[in-house]
Each structure stands twice: as structure tokens, then as C-alpha cells.
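This is what each chain is made of:
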Amino acid sequence: MSQYKDILAGNGLPETVTSGGTLAVHTPIDGSEIAKVHQTSAGDMAAVIASANAAFRTWRSVPAPVRGELVRLLGEELRAAKEDLGRLVSLEAGKILSEGLGEVQEMIDICDFAVGLSRQLYGYTIASERPGHRMMETWHPLGVAGVITAFNFPVAVWSWNTALALVCGNAVIWKPSEKTPLTALACARILDKAIARSGAAPEGLHQVVIGGADVGEALVNSPDVALISATGSTRMGRSVGPNVTGRFGKLILELGGNNAMIVAPSADLDLAVRAITFSAVGTCGQRCTSLRRVIVHESIRADLVARLTKAYSSAPIGNPLDSGTLVGPLIDKAALERMQAALETAKGDGGTVHGGKPVTDKVPGGAYVEPAIVEMPGQTDIVREETFAPILYVMGYSELDEAIEMHNDVPQGLSSCIFTNDLREAETFLSAVGSDCGIANVNIGPSGAEIGGAFGGEKETGGGRESGSDAWKGYMRRQTNTINYSRELPLAQGVKFDV
Ligand code: NAD
């Protein structure tokens, strides 16, 4: 624990929080135990949910711009804490410091967005068919939002949900990944500072519950949790989805991806290689939007693979806290084993593997690995799975239609892109017959989205949308209002019912 103590202390995580608990926290940097935190017991959940509902009943009546002021203060506190929290993200999730800091910047950005939103939350005014009537939509707070998050974006996903949920008038209960509870406790502390400064927030407005699937399930199965926003694997979504819809709860699912890039003959290959390397190798392949498949025109396939293998060999692997490192560790040894098994299967399917070997001489104890490029004869079952590791499958195509078909022929539908300088190809990719994903880009890789757009994907990615655009509507309930200011009572559709 000792060598990382300063990072924990920098985030105000005292001994009492980080020792004596039952949940051991390990850093992927070297696999060592860095803390033991207290888990929330399933028996405590009823009280947590009850106090969140009590807070909601007060918070829903606080004017939205006043709620926005709390989020503005959260953004200020995050600015002050950026360096410390970014380091903690690197320590606990293993991403390089620049990405840890980027994640905190994303939190600041969504706070700014949500503050503006707090003076909007607008509904339509709709033309009524009846004289002397006005029709409009009003958006109301929903209740308690249960936010379940994954290890790989341990803080940003919380902020996307929480900044919006708070300005929308909801209370929040956050269940972070059991692999990253420290960043969650640090965020809760930062939000508590903002709450103390704002003076407007009721007790219980934001609570963190620590533990595994059973703690998540207590939120999922409670009729008193109005919204579940769950980010993680499709496996998790298969359990959470039916349980929430079975009780008619509201649901936002943000699940696994299997993101692809089509590289057309006219593509700027220098740009494509840079985009591929960042999207496939960055975060050690552990983003939901990581690039996992390249579908390249046969005429440039050999050239692209040669350039990629060269670029890959110059990406420094090592301790994510060291400046200069571009590829940190996988989250744990189990992830490394899953990657090695996937590579074996791909080889069995006729794939040629470049790289992919475990790296044992960098930081003892960590699951470091060379990112892999796998030339595949076709899109076999293993390619259609999301293996959460830096494996990039490369497949060839001859006609764009064929490339788009291959692109869409996976169960997931998160992020996608095409590299081309041909307008017809670009527009076809973005059209109704093109990419079937929630995110589709031209000459930009699939990962590293800005917060201003709605984020999420189709098919087994779950269909949810978070962050920008009108994703806030998922955190509110819509009410249609009709007001009669006439002295008559005309019925719609010309119905007569006079007694
Ligand atoms: P995971 O599914 O193992 O865990 C995610 C969260 O769900 C954790 O907090 C876990 O405790 C909880 N959980 C698991 N089973 C549950 C259940 N039955 N009921 C309630 N809660 C449950 O995922 P992970 O390994 O932490 O993260 C990696 C996965 O997340 C990848 O598949 C990645 O693509 C996906 N992801 C998706 C997005 C997105 O926005 N689409 C973002 C980040 C990560």
C-alpha cells in the first residue's frame, strides 16, 4: 500500500476509509493491494433507498437553476481536484495519466453542459385542434436514479449520469465497479464539498454503495428506484434489463461494443494509422468504444498492416503513471487470460497474430501485454465477440456494400467509422443503409467522444443514451398538459357527448 499512499492522501481518502474493510482494492499497475474498503451490505440497501427518496421529495421542488448551481460548484471542485483525481484513476483503473486527466476533464465538461441545461429542460408547445385550448409538454423529475458503473471509466460515467440526474431533480445512488471503489469515494467527497458550499441539497441526495453484483441487484429490483442507468458488459445487461423492465422501471443501458473502421482506397492512411493506433491501443483496448475490427480494401490491406505493425511496435508499454507510457496494464490477470484465449481461437480460425504476448519485464505483478493485430480470413465468431483487451482484427473487402454488411454483422452496435475521401462512400456510411451503430464517424476513430453528443449504441449495446444532446430526457418524466381557457368543452376528434 505504501508507495501509493500519497495518491490516496491527495484525494482525501483517510485510513479509516481505506483500511479495515472487507473489499480489497488492487492496483492494476503491479497487482498490489492498495486499500480495503467497507462494503455496503444488502441489508443496508433499504435504508439507503429510503433516504434517497426522502431527499428526492425535497430536491424535486428546488428550482432547476438552483439545482444547476450545485452542479456548477461540482465543476469547480473537480477543476481543483483534477490532478489528484486523474492520478487516482490511473492508479485504480490502470489508464495512462493523460487519459486519467482526460477523464476528469470530461467530468468538468459535463458539469458545464448540465449547468446550461438547468436553465432549459424545455418542452414543446403543441397546436391544439380545439378552440381556446393550449397544449404543451412539461418535464418533471423522476425519482431516485440508480447508477451502476464499469471499471474502465470509473468516474466519467458517474458524472455523465449524476450531473444530468441532479439538474433534472433526481436523487442518485451510485454503485461503482467493485474494482474501482476508491475513485468513487473520492468523487463522493468532491461532491460533498460542493453540497456543503451550495447549502441547498437535502441529506441523502447522493449516496455511494460499495460492492458487487448483489448490491447492484438491490437497486435493480427495488420499485423505489425509478431509473436504473447501468454501464457494463452485455452479460450484466441481460440480467439488469429484464429485471428493470419487469417492474416497469426506467432504464438506460450502456453495454459492450465491437467497434469497426472501414478503410477505403481513397483514405488518408497517415490519419487512419494514427486513429487506429489511438483507438485500438489506447486504454490498453479497454474502452467500450475501442477499435476492435478494421475492414480494409484489399488494394491497401498489406500496406496498412505493415504501417500498423510499425506504429504498434513504437507504442511504449509500462507503468501508466510514468510519462512516456502509452500502453498501461490490463485490469487484471483474468483479462490477460481471456485475451490469450481469444488469440488462440483466432489462430485456430486461420488468423495470423502480430504481437499479443504478455510483457513480464516492465512492472512485476501487472498484467501487461503487447497489443495484437490479427489478420483474419473472415469475420469468425471470435471476431464477433467483444474481448476487452487490445486485439485488432483486420479483414479485407472488395466492394463497399460488402464492407458495410460485414461491419454490421456483429451483435453489438456502439461506435463506428469510415476513413475515405470519397463523398459518396462517406455519406453512404452515414445513411440508413450504412452503419447501424449509435455513433458513426468519418475520418475520426470510434473512441474519444465529446460530451455534447448523445452517447450510446444499438442492439446488444443496449439502446441507452447518456451525456449530451437531449439525453437528459431519459432522466425525467414527460407530461402532456392541455389547458382549456374557453367557456366551452369541445371534445377531440369531434366527438359529441351532450347530456
Ligand atoms: P461488468 O458488467 O462486469 O460490471 C459493470 C457493473 O455492473 C459493475 O458495477 C458490476 O458490479 C455491476 N453488475 C454486474 N452484474 C450485475 C447484476 N446482475 N446486477 C446489477 N449490477 C451488476 O463490466 P466491467 O468489466 O466493469 O466493464 C467492462 C464492460 O463495460 C465492457 O463490456 C465495456 O464495453 C462496457 N462498457 C460500456 C460502456 C458504454 O457506455 N456502452 C462504457 C464503459 C464500459
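Predicted model only: the values in this text are computed from it and were never measured. (Residues numbered from 1 in each chain as written. Predicted model: local features only at pLDDT ≥ 70, side-chain atom pairs only at ≥ 80, totals over all residues. Heavy atoms only, no water.)

A.B. asks: Outline the sheet that holds strand β18 (residues 415-419), supporting the account with residue identities and numerical values.
C.D. replies: Pairing in this open sheet of seven strands is mixed, and the strands run β12-β15-β16-β11-β10-β18-β19 from one edge to the other. The two strands at the open ends of the sheet, each matched to only one other strand, are β12 (352-355) and β19 (439-442). The average undirected angle you get between the axes of adjacent strands in this sheet is 20 degrees. As defined by bridge partners, β12 adjoins strand β15 (residues 372-375) across four bridges and the pair is classed as antiparallel. Directly across from H354, in β15, lies its bridge partner I373. Where helix α15 (residues 423-430) meets the sheet, it contacts β10 (259-263), β18 and β19, and its direction lies at approximately 175 degrees from that of β19. (Pairing = 2+ DSSP bridges. Helix = DSSP H or I, 4+ residues; strand = E, 2+ residues; numbered from the N terminus. Axes fitted to C-alpha atoms, helices over the stretch in contact; angles between N-to-C directions. Contact = heavy atoms within 4.5 Å.)

A.B. asks: Residue-level account of the pattern of salt bridges, with values.
C.D. replies: Overall, the coordinates contain 20 salt bridges when judged by the stated rule. A salt bridge links E137 to R478; its shortest N-O distance comes to 3.0 Å. Residue E137 is found in strand β4 (residues 133-141), and its partner R478 is found in strand β23 (residues 476-484); the two are separated by 341 residues along the sequence. What makes E137 buried here is its relative accessible area of 13%. Via salt bridges that share partners, E69, R72, E76, E77 and R197 belong to a single interconnected network. (Salt bridge = Lys/Arg side-chain N within 4 Å of Asp/Glu carboxyl O. Buried < 20%, exposed > 50% of the residue type's maximum accessible area, 1.4 Å probe, protein only.)

A.B. asks: Pulling in residues and values, what's your account of empty space enclosed by the protein?
C.D. replies: The full count for this structure, using the stated rule, is two cavities of 30 Å³ or more. The computed volume of the largest cavity comes to approximately 40 Å³. Taken together, A93, G94, K95, F151, N152, T283, Q286 and P329 form the lining of the largest cavity. Taken as a whole, the second largest cavity spans an internal volume of roughly 30 Å³. Lining the second largest cavity are N258, R292, V383, E385, T387, I391 and Y393. (1 Å grid on protein atoms, 1.4 Å probe; cavity = no way out; pocket = protein on both sides within 12 Å on 5 of 7 lines; lining within 4 Å. Points joined across faces, edges and corners; volume = space filled by probe spheres on them.)

A.B. asks: If you had to explain the pairing of strand β9 (residues 250-254) to someone new, which residues and values would you point to?
C.D. replies: Judged from the five bridges that link them, strand β8 (residues 227-231) and β9 form a sheet pairing that is parallel. Counterpart to L227 in the pairing with β9 is K250.

A.B. asks: Break down the environment of T283 for me, with residues and values.
C.D. replies: If you trace the backbone, T283 turns up in the loop between α10 (269-281) and β11 (291-297). T283 gets classed as buried once you look at its relative accessible area, which sits at 8%. In this structure, the C-alpha to C-alpha distance between T283 and A80, residues 203 residues apart in sequence, is 24 Å. Residue contacts for T283: discarding those within four places in its chain leaves K95 and E99.

A.B. asks: Lay out helix α4 (residues 64-93) with the relevant residues and their values.
C.D. replies: Its 30 residues give α4 an end-to-end C-alpha distance of only 34 Å, which falls more than 12% under 44 Å, the value for a rise of 1.5 Å per residue. Where α4 bends most, at A81, the angle is about 70 degrees. Immediately beyond the C-terminal end of α4, within one or two residues, lies G94, with a positive phi of roughly 85 degrees. (Expected span 1.5 Å × (residues − 1). Bend = angle between axes of the 7 residues up to and from the residue.)

A.B. asks: Pulling in residues and values, what's your account of the UniProt feature "domain: Aldehyde dehydrogenase" (unreviewed entry) in the protein chain?
C.D. replies: In the UniProt entry, the feature "domain: Aldehyde dehydrogenase" (unreviewed entry) is given for residues 21-480. Here residues 21-480 is 40% helix and 21% strand, with 49 Å between the C-alpha atoms at its ends. (UniProt positions renumbered as here; feature names shortened; annotations may be inferred.)

A.B. asks: Describe a nonpolar patch on the surface, with residues and values.
C.D. replies: Together, L489, L491, V495, F497 and V499 make up a nonpolar patch on the protein surface, roughly 620 Å² of accessible area in all. Position of L489 among the secondary structure elements: in the segment after β23. (Patch = residues over 30% accessible without salt bridge, like charges linked within 9 Å, V, L, I, M, F, W, Y side chains within 5 Å. Areas by Shrake-Rupley, 256 points an atom, 1.4 Å probe, with all protein chains shown as cover.)

A.B. asks: Give a detailed account of the side chain of T283, specifying residues and quantitative values.
C.D. replies: Of the polar contacts made by the side chain of T283, one reaches the side chain of E99; its length is 2.4 Å. Looking at T283, its side chain comes within polar contact range of the side chain of R287, at 2.9 Å. (Polar contact = N/O pair within 3.5 Å; in protein donor to acceptor, adjacent residues only side chain to side chain.)

A.B. asks: Quick rundown of the nonpolar core? Include the residues and the values.
C.D. replies: If you look at soluble globular proteins, the nonpolar side chains tend to sit buried side by side. The biggest cluster of nonpolar side chains holds 157 residues, and the ones touching the most others in it are L85 and V263. Here this core takes eleven residues from α4, the largest share from any one element. For V263, the residues in contact, after removing those within four places along its chain, are L269, A272, V294, I295, V296, H297, I300, L304, Y397 and F419. (Core = buried A, V, L, I, M, F, W, Y, C linked by side-chain atoms within 4.5 Å.)

A.B. asks: Could you give me a rundown of the UniProt feature "active site" (unreviewed entry) in the protein chain, with the residues and numbers involved?
C.D. replies: Per the UniProt record, the feature "active site" (unreviewed entry) sits at E254. For E254, the position within the fold is in strand β9. Classification of E254 by relative accessible area gives buried; the value is 4%. Setting aside residues no more than four positions away along its own chain, E254 makes contact with A230, T231, G232, F455, G456, G457, T461, G464, R465 and E466.

A.B. asks: Just give me the short version of unusual backbone geometry, but keep the residues and values in it.
C.D. replies: A positive phi angle, close to 45 degrees, is found at L121, a residue other than glycine. Checked against the element boundaries, L121 lands in the loop between α5 (97-117) and β3 (125-126). In this structure, K459 is a non-glycine residue whose phi angle is positive, near 55 degrees. Mapping K459 onto the fold places it in strand β21 (residues 458-459).

A.B. asks: Explain the site of the ligand residue by residue, including any values.
C.D. replies: Of all residues adjacent to the ligand, which total 29 residues, the nearest are T149, E178, S233, L255 and E386. Separating a nitrogen atom of the ligand from a side-chain N or O atom of E217 is a distance of 3.3 Å. A distance of 3.3 Å is found between an oxygen atom of the ligand and a backbone nitrogen or oxygen belonging to G232. The fraction of the free accessible surface of the ligand (860 Å²) that becomes covered by protein chains is 91%. For the shell around the ligand, the secondary structure elements donating two or more residues are α8 (213-220) and α9 (234-246). Here the shell around the ligand takes four residues from α9, the largest share from any one element. Residue classes in the shell around the ligand are distributed as twelve nonpolar, eleven polar and six charged. (Near = heavy atom within 4 Å. Nonpolar A, V, L, I, M, F, W, Y, C, P; charged D, E, K, R; others polar.)

A.B. asks: Which residues make up the side chain of S416, and what values do they have?
C.D. replies: Secondary-structure assignment places S416 in strand β18. A residue is classified by how much of its surface remains accessible, and S416, at 0% relative accessible area, is buried. Sequence-distant contacts of S416, defined by excluding residues within four places in its chain, comprise A260, H407, F429, S435, C437, I439, A440, N441 and P446.

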